[in-house]
Amino acid sequence: MSSKSVILQCKEVSVEFDGFKAVTGMNLELARGELRFLIGPNGAGKTTVLDVICGKVKPVSGKVLFQGKTELTRRKEHQIAELGVGRKFQAPSIFPSLTVMENLEISMRQQRGLLAALRARMTREDEQRLKDQLQMIGLERKGAWRAGGLSHGEKQWLEIGMLLLQEPQVLLLDEPVAGMTDKETHKTGELLRQIAAKRSVVVVEHDMEFVRNFASKVTVMHEGRLLREGTMEEVQRDARVAEVYLGKRRVELDVSRSTA
Ligand code: ADP
Ligand code: MG
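First things first, this report covers the structure right here in the doc. (Residues numbered from 1 in each chain as written. Chains lettered and ligands numbered in written order. Predicted model: local features only at pLDDT ≥ 70, side-chain atom pairs only at ≥ 80, totals over all residues. Heavy atoms only, no water.)

1. Observations regarding the overall build of the protein chain
- Within the protein chain, the secondary structure is distributed over 10 helices and 10 strands.
- Relative to its 260 residues, the protein chain shows a buried fraction of 48%.
- Long-range contacts, defined as pairs at least 24 residues apart, comprise 67% of the intrachain contacts of the protein chain with a sequence gap of at least 6.
- As presented, the protein chain carries roughly 13,500 Å² of accessible surface, and 50% of it is formed by carbon and sulfur atoms. (Helix = DSSP H or I, 4+ residues; strand = E, 2+ residues; numbered from the N terminus. Buried < 20%, exposed > 50% of the residue type's maximum accessible area, 1.4 Å probe, protein only. Contact = heavy atoms within 4.5 Å. Areas by Shrake-Rupley, 256 points an atom, 1.4 Å probe, with all protein chains shown as cover.)

Structure representation (structure tokens):
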């Protein structure tokens, strides 16, 4: 991978919580326009890695380089967001009493800074941008709905749309399909593909079936460390991965089958 195509690098990142090593010497290199899946058993450190990248958690050692030069671990969360790293947490943060369109509008205005946002009137281009975004997240018929009245999946899409309006170059998503119906999960997969055509995306995921549907690169973490990286096929063939993650899942599946 040439250094030019790399947008984000975690270098030997370690995180401790009261002496507990949550992440140890983690390395991650993300290319421009890449859709990367970060998987691993519960407690592997996946969410913590996203927290470090977006500045919510400060590592005890290691670096996070954005665009090869900007060191993110010394910056505040809002600065990192302004630089172009968007983060979606597990619970959606939308304004439930506002409409879907109003939620999108607020997000678009935020991107311009407070003063500009207060002064600005919506131009025709702005309106088109909001409409395009509404369509991309599949809510074109629900622009006037109160956001609080959306389904769980639709709320997640709305938040993704709000993040996209801030034009991040890197988008971090933590278990975006958790709690979604099969249909919503499928639609989310399509949406992620579309997003990754223009931006780099890191998706923390638990649902192996969902990850299997993508041909992209997979990073496996275990007990705070990088265990394996490769295509889903390579990762599945790895004996250590099978032992700590896939194997365990398979055993669980077998158990559920035998008791069914
Ligand atoms: P994952 O997302 O892979 O399930 P996490 O990154 O959430 O894992 O957590 C990694 C480890 O760090 C877990 O053992 C978890 O209990 C611990 N941990 C995460 N956040 C905190 C925190 N704020 N304080 C103490 N321990 C934490
Ligand atoms: Mg997590």
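2. Observations concerning the site of ligand 1
- Lining the immediate environment of ligand 1, one finds Phe17, Phe20, Ala22, Pro41, Asn42, Gly43, Ala44, Gly45, Lys46, Thr47 and Thr48.
- A distance of 2.8 Å separates an oxygen atom of ligand 1 from a polar side-chain atom of Lys46.
- Thr47 has a polar side-chain atom sitting 2.8 Å from an oxygen atom of ligand 1.
- Out of a free accessible area of 560 Å², ligand 1 has 59% covered by protein chains. (Near = heavy atom within 4 Å. Polar contact = N/O pair within 3.5 Å; in protein donor to acceptor, adjacent residues only side chain to side chain.)

3. A word on the environment of Gly68
- Within the secondary structure, Gly68 sits in the loop between strand E4 (61-66) and strand E5 (70-71).
- Separated by 61 residues in the primary sequence, Gly68 and Ile7 place their C-alpha atoms 6.7 Å from one another.

4. Focus: helix H7 (residues 182-196)
- Taking 1.5 Å per residue, 15 residues should reach 21 Å; H7 reaches 21 Å between its end C-alpha atoms and fits that length.
- Taken as a whole, H7 has its buried residues at Glu184, Thr185, Thr188, Gly189, Leu191, Leu192, Ile195 and Ala196. Looking straight down H7, one finds its buried side chains confined to an arc of 170°; they lie on one side. Exposed residues lying more than 90 degrees from the buried face of H7 are Asp182, Lys183 and His186.
- On its buried face, H7 sits against strand E3 (35-39), helix H5 (124-136), helix H6 (152-164), strand E7 (170-174), strand E8 (200-204) and helix H8 (208-212). (Expected span 1.5 Å × (residues − 1). Arc of directions from axis to C-beta.)

5. Some remarks on the nonpolar core
- Residues Phe37, Leu104, Leu139, Leu158, Ile195, Val201 and Val218 are the most contacted members of the largest nonpolar core, which totals 41 residues.
- Of the residues forming this core, the biggest block, six residues, is contributed by H6.
- When residues of this core are sorted by domain, at least three fall in each of domain 1 (1-84 + 170-185 + 198-260) and domain 2 (92-167).
- Excluding anything up to four places from it in sequence, Leu139 contacts Val100, Leu134, Leu150, Glu154, Trp157 and Leu158. (Core = buried A, V, L, I, M, F, W, Y, C linked by side-chain atoms within 4.5 Å. Domains from an automatic or database assignment.)

6. Topic: the environment of Glu234
- Inspection of the secondary structure assignment puts Glu234 in helix H9 (residues 232-237).
- Residue classification places Glu234 among the partly exposed positions, given a relative accessible area of 33%.
- Between the alpha carbons of Glu234 and Lys217 there is a distance of 9.6 Å; along the sequence they are 17 residues apart.

Everything listed here is a matter of geometry and, on its own, says nothing about what the molecule does.
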